[in-house]
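Residue-level structure breakdown
Spelled out from the first residue to the last, the chains are:
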Amino acid sequence: MGFQCGIVGLPNVGKSTIFNALTSAKAEAANYPFCTIDPNTGIVKVPDLRLEAIAQYIPPNKLVPASMVFVDIAGLVKGASQGEGLGNQFLGHIRETQAIAHVVRCFSDPNVIHVDGSVEPLRDISVIDTELIFADLDTVNKRFSSIQKAARAGSDKKSAAILSVLEPVKAALESGKPVRSLDLSEEELQLIYDFHLITSKKVMYVANVDDHDIGKTEANPYVKTLNEYAKKEGSPVIQICGKIESEMAELSQDEKISFLKEMGMEEPGLNRVIRAGYDLLGLQTYFTAGEIEVRAWTIQKGWKAPKAAGVIHTDFEKGFIKAEVYHYDDLMKHKTEQGIRDAGALRLEGKDYIVRDGDIMHFRFAV
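The notes below deal with the structure included here. (Residues numbered from 1 in each chain as written. Predicted model: local features only at pLDDT ≥ 70, side-chain atom pairs only at ≥ 80, totals over all residues. Heavy atoms only, no water.)

1. Things to note about the overall build of the protein chain
The condition is simple: Secondary structure elements are taken from DSSP: a helix is a run of H or I of four residues or more, a strand is a run of E of two residues or more, and numbering for both begins at the N terminus. For each residue, the accessible area found with a 1.4 Å probe, counting protein chains only, is set against the maximum for its type, and the residue is called buried under 20%, exposed over 50%, and partly exposed in between. Every residue pair with non-hydrogen atoms within 4.5 Å of one another is taken to be in contact. To measure how exposed things are, a 1.4 Å probe is used in the Shrake-Rupley method; for residues, cover is taken only from the protein chains shown.
Helix and strand counts for the protein chain stand at 14 helices and twelve strands. When each of the 367 residues of the protein chain is scored for burial, the buried share is 49%. In the protein chain, once contacts between residues fewer than 6 apart in sequence are set aside, the share between residues at least 24 apart is 69%. Put simply, the protein chain shows about 18200 Å² of open surface, and 49% of that area lies on carbon and sulfur atoms.

Right, here's the structure in full:
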């Protein structure tokens, strides 16, 4: 299971610079609007120190981290939903992502053009939200009448169920509110899933700051404003410096360690972006470990063992019998699988077992 995140923002807020640092895909990034002409897609490794720790005790031929996909589109501007700029052409590329990373400019630099002439995070957010709301409203309006007609006919129960969700969604969009503000249940979201409404997705804000702000204990005024706004919405804010992250992406591992130490950073800021994405979507990791590979697998929190096995292969889910399970912490404590067995920490779990983050699993199945 991959985690797909769409990156949105105004032109020149640092979207493509951050995308480059995340994926090393070398998307064009320059100081003028609409630099990113085509959508860029990059796959990144999810940082997880547990992989190497497991490999110390179960040496494999290779390590395979979990991955996630980032999709970067052209910067959106006011009027994008009506055809202004280029971003509107590529909204379809982020409709099927699972979450949105909204990059917000939180630094002043006269040498970097701002499309609206000044740096105002809340105004910038409003511009993007408005365009995404208009795009979603257009999507809803195209199908609303036909669904309403089918529901009122009384013979189509599914249409009636969809309409019961679509009516408040349409009302929210018409009043300028994103779908996520309705706090719809998973069941309700599933009913309107094939609309792929962008504003129904969870959002994290990436505050792109100047390099002088890194390492400071107090956020700059722009970030403070953003934090207050995001707190009311219940969305996380991750503060990073796109310029520093892009420079770091070019370094070797040893150089990166020295650079982080020099900057007073424990890890690259992009690691926090990835982890925030995991938390945002309720994702977690389990591992498989053996001589061939130690591998991380991404699943939703709350998944039971058969469904978790299915991310490896559908046959694992269909023919699931049992799962041999121990936890990462057990391996760190007992050092070997035999030591885990001797301590009674290795368990056989059945179909109702809810997988925990950090479980190390071996599946028994028959097809």
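2. Quick look at the environment of Val 169
Inspection of the secondary structure assignment puts Val 169 in helix α5 (residues 157-174). By relative accessible area, Val 169 is classed as buried at 0%. Remark: the alpha-carbon pair of Val 169 and Arg 180, spanning eleven residues in sequence, is separated by 9.3 Å.

3. Regarding helix α4 (residues 121-153)
Residues that lie three or four places apart on an α-helix share one face, since the helix turns once every 3.6 residues. The condition is simple: Here the expected length of a helix is defined as 1.5 Å per residue gap, with one fewer gap than residues. A residue's bend is simply the angle between two axes: one fitted to the seven residues ending at it, one to the seven starting at it.
In a regular helix each residue adds 1.5 Å, so 33 residues correspond to 48 Å; α4 covers 47 Å between its end C-alpha atoms and thus fits that length. Its maximal kink placed at Phe 144, α4 deviates by approximately 40°. Where α4 ends, the next residue or the one after it, Gly 154, has phi of about 85°, a positive value.

4. Let's talk about helix α1 (residues 15-23)
Most of α1 sits out of view: eight of its nine residues are buried. Buried residues of α1: Lys 15, Ser 16, Ile 18, Phe 19, Asn 20, Ala 21, Leu 22 and Thr 23, and no others.

5. Thoughts on the packing of aromatic side chains
We count it as follows: When the centres of two rings from Phe, Tyr and Trp lie within 6.5 Å, Trp using its six-membered ring, the rings pair. Their planes under 30 degrees apart give stacked, over 60 give edge-to-face, and anything left gives tilted. Any Lys NZ or Arg CZ found within 6 Å of a ring centre and within 35 degrees of that ring's normal is scored as a charge over the ring.
Evaluated as defined, the whole model comprises five aromatic pairs. On the basis of an interplanar angle of 85° and a centroid distance of 5.9 Å, the ring pair of Tyr 286 and Phe 363 is categorised as edge-to-face. Placement of Tyr 286 in strand β8 (residues 283-289) and of Phe 363 in strand β12 (residues 359-365) is noted, with a sequence separation of 77 residues between them. The rings of Tyr 286, Phe 316, Phe 320, Phe 363 and Phe 365 are connected pair by pair, giving a single aromatic cluster. Across from the ring centre of Phe 195, 4.0 Å away, lies the NZ or CZ of Arg 143, which sits over that ring. Here the basic side chain of Lys 170 rests over the ring of Phe 144, its NZ or CZ set 5.1 Å away from the ring centre.

6. A look at unusual backbone geometry
Positive phi, close to 65°, is recorded for Asn 12, a residue that is not glycine. In this fold, Asn 12 is placed in the loop between β1 (3-8) and α1. Overall, Asn 12 belongs to the buried group, its relative accessible area being 14%. At Lys 335, a position not held by glycine, the phi torsion is positive, near 75°. The class for Lys 335 is partly exposed, based on a relative accessible area of 39%.

7. A closer look at the nonpolar core
Threshold: Nonpolar cores were defined as sets of buried Ala, Val, Leu, Ile, Met, Phe, Trp, Tyr and Cys residues, with membership established by side-chain atoms within 4.5 Å.
Judged by nonpolar contacts, the single largest core of 69 residues is most densely connected at Leu 22, Ile 54, Phe 70 and Met 204. With 17 residues, the next largest nonpolar core counts Leu 137, Ile 147, Ile 162 and Val 169 among its residues.

8. A look at the environment of Leu 137
For Leu 137, the position within the fold is in helix α4. Given a relative accessible area of 15%, Leu 137 falls into the buried group. With 60 residues separating them along the chain, Leu 137 and Leu 197 place their C-alpha atoms 8.7 Å apart. When neighbours within four sequence positions are excluded, Leu 137 is seen to be in contact with Lys 170, Leu 173 and Glu 174.

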